[in-house]
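What the coordinates show
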Amino acid sequence: MDSVNVSDLVARLGSEEESVRKMAVFKLQSAIGDPSFADVFIYEGGLPKLRFLALHSTGNTLAYCLTSLARLLELDKGWDHVTDDLVVRIVDLVVAQPLVNVNRGAMSVLAAIVGHPSHRSSQPSVTGFQRLRPAVDTQPQFLPALVEKITSADHALCANSLQLINALMRDAIANHVDFEAPKFMKQLQELGVIKSVYGLMQSSAVQDLAHPLLEFQSLTKILLRNWRDEKVDLEKPDHDRAVRGLHTASNPTKSGADPTGSKKQLPVEWRRLGFDTESPAQEFEVTGFLGLMDLTDFVFKNEDGFQKLLLEQESEPLEQRCPIARASLSMTSILYEHFDVDTIDDTDSHRHAALDSRAGFERAFKPLLLHWSRLHTSGLNAFIRLWKTAGAQLEDFEKMEELVRILIEQAVGQAPRTREVQDVEEELAEFDLKRLRELQMELLELTYEDVWGHHLRQSRDELNHEALQFIKEQRIRCLLQGAWFPIGVNQAPDLGPVTSKTLNRGVPSAWRFVRLSHNRRYLHYADFSEKTAADPRLDALHEKIDLSIVSSVVSNVSASAPSTSSSENTVTKLLGHEQASTSTKITIHGYLTPTSNSHSRQTSGGSGAGRKESVLLQLHPQSHTLASEWLDGLLMLLNQQPITADTNKLVDFIGGYGLKIRLLNVRFEDVGLEEPVLPSRETLDDEYYYDIAGA
């Protein structure tokens, strides 16, 4: 204000020379944002001249003028000069003016007009979109032009267009009774506003348009929340029309008929669709009009498919039918909770907090929220598919509902901002039931981890110890059963030259059978020229090793080597179907007295002091499975920890399943989320106690 002479600037606005007016209004757009300057400008009579320029100037002069007017209105000043002819002029500019900078200013002025409170207006009874209605009625291309400009390459123009759309939406929501907000929103959607905003949210331009995009997202939540809060009332024409449309789409001509001809049978027209009663309106108590909209949208998108689905369900036993309407309402509630619709986050502080960090920035935008209807339809189809796959019954509804909740969290919640809605729909349609149940168990474990803390870790440790003891016994039983090991390998004549590829396809020249004694103190073995069909008896194995002199068991078996068979095969041992692998070796070391010969390993136990450590026995397992069983079996027999991946995987597998089984048997109220009801102590003696964990 100090550097600009307001009187002189106002005088220049009325100059007859275009260049003088242009320079004056150029300076004005920078200074008018200062409230004190604006007051002096109005006092000096600048408003009538600014309004005259807005009505009659062109080019850059008009652009600077509209920017100045918009900033003045943002200060809540100059409203008495916003006349109908000015509104008509600015609406015409939005439709017909090709200059980007003029369009920016024009939409800023209109956004200020739409968002202006009525009690401060020169026309208190007319506000918001009502101020634009007469002008818009003469310009049917106004809304299409506005939506088209959202995709402009100029980010500032995009932002201004979206801000004006946001203002129109907010006004429509606030005055929905008078101006039919659903009809207005449907008109915007048909013009492609959802598609355009969705594209902007996914694009690299999202950072430049963050604030108007987040406001549009918040307004979408407000609409969803209002529809959810609106009770279904058949006295309202649109509600009644939707319910009657559902009834018609279900093809009810033969529903409710009793094949026996009885007239006493209760009508099943609505229960046939999956409602619990024959009064559908009351079933929307939780989801409101939003639930009705979602269900009708699902039905009308594929009416033939819906009728076919109903016929398929009628062919199933009553308890195995998927209640489609109930599943639809559940899907609406799941999406409502997932997107946290009740939390609007429509304040500047929330937006700044969301945009503070890159992670917060990515989390703030929920492009998939804009495709609510498509997500509901895909989610409901997934619900029905999973119901059929699982063979669920009516009593399993809550369990299936929880699975679908996890599915939505996985497919929708884990989707990055740039992921296309088509990809999410495909994932919902193809997600495997087994994988979904695995995720459920993982989430269940995490949930109880939060509730139990160290108690859960203690249970896990106990179960892992029990699993280790179980696997130890299984491995030692493998040793008690015995196994064949090749001693040497001769190259078969039809295999060609010996190479790295043919080495393991050789034929063993001799075999060694090894078995642990029943008292688990000696390792018996003997060599044979060929492998016999029946395993040799223990008394046929003339050599033996006293395990008390064994000092170590070493092997070149990798701790992370993949198993050649599953954990089930580890137990059942399909030894005869696996190829020999002479490169795998287990070596048993021990201490021999100086008088011990190399053939007899029968030696008394005791300390290894004064004795030399020697190789007592070498084994060449034919597979990783056999190597894992014998290596870890020998180690655990010597009270050492197992080292192979096969064994450790089995320990984790058994311990993990034991923990999951325990968790499935525990109710939430048992861990303090709800206070359990204790039984009466009447007629009980002093020895009575209530075992919560065993309840």
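Residues numbered from 1 in each chain as written. Predicted model: local features only at pLDDT ≥ 70, side-chain atom pairs only at ≥ 80, totals over all residues. Heavy atoms only, no water.

**Observations regarding the overall build of the protein**
Just so we agree on the cut-off: Per the convention used, a helix needs a DSSP run of H or I reaching at least four residues, while a strand needs a run of E reaching at least two, with both numbered from the N terminus. Each residue is assigned to one of three classes by its accessible area relative to the maximum for its type, calculated with a 1.4 Å probe on protein chains only: buried under 20%, partly exposed between the two thresholds, exposed over 50%. The contact definition used throughout considers only heavy atoms, calling two residues in contact when any of these lie within 4.5 Å. Accessible surface is estimated by sampling points in the Shrake-Rupley manner with a 1.4 Å probe; for residues, cover comes only from the protein chains shown.
Secondary structure summary: the protein contains 28 helices and seven strands in total. Residues counted as buried form 45% of the 695 residues belonging to the protein. In the protein, the share of contacts with a sequence separation of at least 24, taken over all contacts with a separation of at least 6, comes to 71%. Entry remark: accessible area of the protein is about 35,900 Å², with carbon and sulfur atoms responsible for 51%.

**Side note on helix α1 (residues 6-13)**
What counts is decided by this rule: The directions from the helix axis to the C-beta atoms are what the arc is built from. We define a polar contact as two N or O atoms separated by no more than 3.5 Å, with the added condition that, inside protein, one atom must be a possible hydrogen donor and the other a possible acceptor, whereas residues neighbouring each other in sequence contribute only through side-chain atom pairs.
Residues Val6, Leu9, Val10 and Leu13 constitute the buried set of α1. All buried residues of α1 project into a common sector of 100° when viewed along the axis, lining one side. Where α1 is buried, its residues meet α2 (18-31), α3 (35-43) and α4 (46-56). The N-cap of α1, judged by a side-chain oxygen 3.1 Å from the amide nitrogen of serine 7 a few residues on, is asparagine 5.

**Brief notes about the environment of valine 550**
Of note, valine 550 is situated in strand β5 (residues 550-555). Residue classification places valine 550 among the buried residues on the basis of a relative accessible area of 12%. Valine 550 sits 84 residues away from leucine 634 along the chain, and the two C-alpha atoms are 10.0 Å apart. Not counting residues within four places of it along the chain, the set of residues in contact with valine 550 comprises Ile545, Ile588, His589, Gly590, Leu616 and Leu638.

**Thoughts on the environment of alanine 106**
With respect to the helices and strands, alanine 106 occurs in helix α7 (residues 100-114). In the structure, alanine 106 is positioned 44 residues away from leucine 62 in sequence and 9.4 Å away in space, judged by C-alpha atoms.

**Side note on the pairing of strand β6 (residues 586-592)**
Rule in force here: Only when DSSP finds a minimum of two bridges between them are two strands counted as paired.
With six of its seven residues buried, β6 lies for the most part within the structure. Where β5 lies against β6, five bridges are found, and the strand directions are antiparallel. Residue pairing for β6: valine 554 is matched across the bridge by threonine 587. Note that β6 and strand β7 (residues 612-619) share seven bridges and pair antiparallel. The partner of leucine 592 across the bridge, within β7, is lysine 612.

**Notes on unusual backbone geometry**
Residue aspartate 340 is not a glycine yet carries a positive backbone phi of 50°. Assignment of secondary structure puts aspartate 340 in the loop between α18 (324-338) and α19 (348-354). Classification of aspartate 340 by relative accessible area gives partly exposed; the value is 40%. If you check the backbone angles, asparagine 639 has positive phi at about 60° while not being a glycine. With respect to the secondary-structure elements, asparagine 639 resides in the loop between α27 (624-637) and α28 (645-664).

**So, the pattern of salt bridges**
Put simply, the rule reads: In what follows, salt bridge is the name for a side-chain nitrogen of Lys or Arg lying within 4 Å of a carboxyl oxygen of Asp or Glu.
Tallied over the entire structure, the rule returns 25 salt bridges. The shortest N-O distance in the salt bridge between lysine 236 and glutamate 230 comes to 3.4 Å. For lysine 236, a relative accessible area of 32% translates into the label partly exposed. A relative accessible area of 24% means that glutamate 230 is categorised as partly exposed. A salt bridge links aspartate 240 to arginine 244, with the nearest nitrogen and oxygen atoms 2.8 Å apart. Residue aspartate 240 and its partner arginine 244 are located together in helix α15 (residues 237-249), separated by four residues, close to a single helical turn. Its relative accessible area of 48% is what places arginine 244 among the partly exposed residues. Here the residues in one salt-bridge network are Arg228, Asp229 and Asp342, joined through shared partners.

**Details of the sheet that holds β6**
Here is the rule: Axes, fitted as lines to C-alpha atoms, cover a helix only where it is in contact. Angles between the N-to-C directions of the axes lie from 0 to 180 degrees.
Across the sheet, which stays open at both edges, the three strands sit in the order β5-β6-β7 with antiparallel pairing between neighbours. Each having just a single partner strand, β5 and β7 make up the two edges of the open sheet. Pairs of neighbouring strands in the sheet enclose a mean axial angle of 25°, with direction left out of account.

**Quick look at the side chain of serine 328**
Checked against the element boundaries, serine 328 lands in helix α18. A relative accessible area of 0% means that serine 328 is categorised as buried. Of the polar contacts made by the side chain of serine 328, one reaches the side chain of histidine 376; its length is 3.1 Å.

**Considerations on the packing of aromatic side chains**
Cut-off, in case you're wondering: Think of it this way: a Phe, Tyr or Trp ring, Trp meaning its six-membered ring, pairs with another when their centres are within 6.5 Å, and the plane angle makes it stacked under 30 degrees, edge-to-face over 60, tilted otherwise. In our convention, an over-ring charge means Lys NZ or Arg CZ found within 6 Å of a ring centre and within 35 degrees of that ring's normal.
Across all of its chains, the model carries 10 aromatic pairs by this definition. Relative to phenylalanine 528, the ring of tryptophan 484 lies with its centre 5.5 Å away and its plane at 65°, an arrangement referred to as edge-to-face. Pair noted here: tryptophan 484 is in strand β1 (residues 483-490) and phenylalanine 528 is in strand β3 (residues 522-528), with a separation of 44 residues, a long-range link. The exposure class assigned to tryptophan 484 is buried, which follows from its relative accessible area of 6%. Here lysine 531 stacks its cationic end above the ring of tryptophan 511, 4.9 Å away from the centre of that ring. Note that lysine 544 overlies the ring of tyrosine 522, its terminal NZ or CZ placed 4.5 Å from the centroid.

**Some thoughts on the packing of α7 against helix α8 (residues 129-137)**
Put simply, the test is: With respect to orientation, any angle under 35 degrees is reported as roughly parallel, any angle over 145 as roughly antiparallel, any angle of 65 to 115 as roughly perpendicular, and every other angle as oblique. Amino acids are sorted into nonpolar (Ala, Val, Leu, Ile, Met, Phe, Trp, Tyr, Cys and Pro), charged (Asp, Glu, Lys and Arg) and polar (every other residue, Gly among them).
Contact geometry for α7 and α8: axes closest at 8 Å, N-to-C directions at 130°. Judged by the inter-axis angle, α7 sits oblique to α8. Here Leu110, Ile113 and Val114 of α7 come into contact with α8, specifically with Phe129, Arg131 and Leu132. Each residue belonging to the contact of α7 with α8 can be placed in one class, and the counts come to five nonpolar, no polar and one charged.

**A few points about the packing of helix α13 (residues 193-202) against helix α14 (residues 210-229)**
Packed helices, taken two at a time, are described by the angle their axes make and the gap between the axes. What counts is decided by this rule: By definition, turning the near helix anticlockwise from the far helix through less than a right angle yields a left-handed crossing, and turning it clockwise yields a right-handed one.
Contact pair α13 / α14: the axes reach a minimum separation of 11 Å and the direction vectors enclose 130°. With respect to their mutual orientation, α13 and α14 come out oblique. Relative to α14, the crossing made by α13 is left-handed. The segment α13 lies against α14, with Val193, Ile194, Val197, Leu200 and Met201 engaging Leu213, Phe216 and Gln217.

**Focus: a nonpolar patch on the surface**
Short version of the rule: Each patch groups residues whose relative accessible area exceeds 30% and which form no salt bridge, using 9 Å between like charges and 5 Å between nonpolar side chains of Val, Leu, Ile, Met, Phe, Trp and Tyr.
Taken together, the side chains of Phe653, Tyr657 and Ile661 make up a nonpolar region of the molecular surface, amounting to roughly 330 Å² of accessible area. Structurally, phenylalanine 653 can be placed in helix α28. Judged by relative accessible area, phenylalanine 653 falls into the partly exposed class, the value being 47%.

**Topic: α14**
Short version of the rule: Every helix has an expected span of 1.5 Å times one less than the residues it contains.
Under the 1.5 Å per step criterion, the end-to-end length of α14 is 28 Å for 20 residues, consistent within 8% with the ideal 28 Å. Most of α14 is tucked away, with 16 of its 20 residues classed as buried.

**Observations concerning the confidence of the model for the protein**
Quick note on the threshold: On a range of 0 to 100, pLDDT expresses the predictor's confidence in each residue.
Residues with a pLDDT of 70 or more make up 77% of the protein, whose mean pLDDT is 80. Within the model, the stretch residues 255-266 combines pLDDT values under 50 with seven contacts to residues more than four positions away or in other chains.

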